[in-house]
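Structural characterization, general
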Amino acid sequence: MLFFQLSCGSIFLLSFLLLSNVKGVNTGANRWMGIFYLFAGFAMLGAIAEHSSPGYQWLIPATETTRFAMAPALYFSVKHYTSIRYRFRFTDLLHFLPALLFLPILFGGSRYLPACGGMLIGMGIKLQLVVYWVLSYRLLRQHRSRLENVASSTSGATLGWLKNLVILTGIMIVNFLLSPFMRPHTWEGTSYIIYLAAIYLSCYHALRQGPVFPPGEKEGPLPAQPSAGAPRLPEDEAAVLKKRLATLMQEEKLYTEPELSLSGLADRLDVSLHEVSWLLNKEIGKNFYQYVNHFRIEEAKELLHSPNHQHLSILAVGFTAGFNSKTAFNSAFRKIVGMTPAEFRNLVVRLDAGGQ
């Protein structure tokens, strides 16, 4: 029980850190995440009260009041992390309807429930946690694809730390779901250690967070991949725009700008954000991230192959081609070419030495 009590205190501390927004970024999202951990702390405190002296039994109904609000709070935290300038809407209150309906049952209405009512409520809480966790993880997966529609580099904006946070939350949920089926004496200690380790790791990842979106993309919503339907531009206009885009990339080498974004490209082409997004996805067949990094990789390959640029380090080649970090360069290069930049340079050197 000691480890569980430490877990309870730690999760309240994590909640305080997020609610006070010590990092100074993602304020709304951090507050929702802080609320989620606060409610999770109440659930732990209620479990501790059940094993305490009778003087603390009054804590049990008080801590149960937020059970059905816990999972929606997790979902709305991820919703805020993955949506620029998201605002809570009146219809979003429907997510908290089960929590409101649970209150009269908790305070006196339980005696009107059928014999299996308590079991159904317990199953409802568990099912709600699983469903909202899946929805939250799905939002993270969608964020990556939407981000690639507007950013030429996703470095630092892919919410890897939040993905780890959500996965750790999932581990705690699985731990909670499996606990009733395990032998109390053999599993209880392990279960408490899992809670404690997951909470400390969650604290670590929460404190590592940075800005969610790349520079220049904070003024409007991320456009989703254009759906099938009528073309946004007539065929002749699309052809002219496509030619202007090729000129910007091939002759002016716009891709060498590390912070190039979809909105910046739209400004250079003097068209709307959605028109250039449609042109890339429907006419060219690539999202913005794929399109820009194709040119960057081709530029990097030329520099790595050129005898006049052998003095450049791998990092210098990446920066010259337009990447803003070695990690982003290596990741994109490996994805497109099938090997790292260093492996490619070594292969070119060997081929040249063999007279090929």
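Residues numbered from 1 in each chain as written. Predicted model: local features only at pLDDT ≥ 70, side-chain atom pairs only at ≥ 80, totals over all residues. Heavy atoms only, no water.

**Some remarks on the overall build of the protein**
To keep things clear, this is the line we draw: The helix count covers DSSP runs of H or I at least four residues long, the strand count covers runs of E at least two residues long, and both are numbered beginning at the N terminus. Here's how the labels work: a residue is buried when its accessible area is under 20% of the maximum for its type, exposed when over 50%, partly exposed in between, all with a 1.4 Å probe on protein chains only. Contact between two residues is taken to exist if any of their heavy atoms lie within 4.5 Å; hydrogens are not considered. All accessible areas in this document rest on Shrake-Rupley with a 1.4 Å probe, and a residue is counted as covered only by the protein chains that are shown.
Helices and strands together make up the secondary structure of the protein, namely 15 helices and zero strands. In the protein, which comprises 356 residues, the proportion classed as buried is 44%. If you take every contact in the protein between residues at least 6 apart in sequence, the share linking residues at least 24 apart comes to 72%. When the accessible surface of the protein is split by element, carbon and sulfur atoms take 61% of a total near 18,800 Å².

**Topic: helix α10 (residues 262-269)**
Because an α-helix completes one turn every 3.6 residues, residues spaced three or four positions apart along the sequence face the same direction. Counted only if it meets this: This arc corresponds to the set of directions leading from the helix axis out to the C-beta atoms.
Those residues of α10 that sit buried are L262, S263, L265, A266 and L269. Down the axis of α10, the buried side of the element spans an arc of 160 degrees, and every buried residue falls inside it. Contact partners of the buried residues in α10: α9 (235-250), α11 (273-284) and α12 (288-305). Within two residues after α10, D270 carries a phi angle of roughly 60 degrees, on the positive side.

**Quick notes on unusual backbone geometry**
The backbone of K253 shows a phi angle near 50 degrees, a positive value even though the residue is not glycine. Of note in the backbone geometry, D270 takes a positive phi value of approximately 60 degrees without being a glycine. Topologically, D270 is positioned in the loop between α10 and α11.

**Concerning helix α7 (residues 160-178)**
Definition in use: Every helix has an expected span of 1.5 Å times one less than the residues it contains.
Between the first and last C-alpha of α7 there are 27 Å, a value that for 19 residues agrees with the 27 Å anticipated at 1.5 Å per step. Where α7 is concerned, the buried positions are W161, L162, L165, V166, L168, T169, G170, M172, I173 and N175.

**Topic: the nonpolar core**
Using the following cut-off: To define a nonpolar core, start from buried Ala, Val, Leu, Ile, Met, Phe, Trp, Tyr and Cys residues and group those joined through side-chain atoms within 4.5 Å.
Residues M33, F36, Y37, M44, Y81, L162 and L165 are the most contacted members of the largest nonpolar core, which totals 49 residues. It is helix α4 (residues 67-82) that provides the largest number of residues to this core, a total of 10 residues. Counting 23 residues, the second-largest nonpolar core is a separate cluster that includes A238, L241, L260 and L279.

**Some details on the packing of α10 against α11**
Threshold: Note on definitions: angles span 0 to 180 degrees between N-to-C directions of axes, and those axes are lines fitted to C-alpha atoms, for helices only across the stretch in contact. Working definition: roughly parallel below 35 degrees, roughly antiparallel above 145 degrees, roughly perpendicular at 65 to 115 degrees, and oblique for all remaining angles. In the scheme used here, Gly and all other residues not listed as nonpolar or charged are polar, with Ala, Val, Leu, Ile, Met, Phe, Trp, Tyr, Cys and Pro taken as nonpolar and Asp, Glu, Lys and Arg as charged.
For the pair α10 and α11, the least separation of the axes is 9 Å and the interaxial angle reads 100 degrees. Taken together, the axes of α10 and α11 are roughly perpendicular relative to one another. The residues of α11 that touch α10, namely those facing L262, S263, L265, A266 and L269, are L273, V276, S277 and L280. Classifying every residue of the contact of α10 with α11 by side-chain character gives seven nonpolar, two polar and no charged.

**Quick look at the packing of aromatic side chains**
Short version of the rule: Each Phe, Tyr or Trp ring, with Trp reduced to its six-membered ring, pairs with another whose centre is within 6.5 Å; inter-plane angles below 30 degrees give stacked pairs, above 60 give edge-to-face pairs, and intermediate values give tilted ones. Distance and angle both matter: a charge sits over a ring if NZ of Lys or CZ of Arg is within 6 Å of the ring centre and within 35 degrees of the ring normal.
Tallied over the full model, the rule gives 21 aromatic pairs. Aromatic side chains F4 and Y192 sit 5.0 Å apart centroid to centroid with 35 degrees between the ring planes, which places their arrangement in the tilted category. Of this pair, F4 sits in helix α1 (residues 2-19) while Y192 sits in helix α8 (residues 184-207), placing them 188 residues apart in sequence. On the basis of relative accessible area, F4 is assigned to the buried category, the value being 8%. Using a relative accessible area of 10% as the deciding quantity, one classes Y192 as buried. The interplanar angle of 80 degrees and the centroid separation of 5.8 Å between the aromatic rings of F329 and F333 together place this pair among those described as edge-to-face. Placement of the pair is F329 and F333 together in helix α14 (residues 326-337), with a separation of four residues, close to one helical turn. F333 matches F329 in its accessibility class, with the two residues each being buried. Every member of this aromatic cluster is reached through a ring pair, and the members are W32, Y75, F76, F88, F96 and Y132. The ring of F176 has K126 lying over it, and the distance from NZ or CZ to the ring centre is 5.7 Å. Sitting over the face of the ring of F323, R296 holds its NZ or CZ atom 5.6 Å from the ring centroid.

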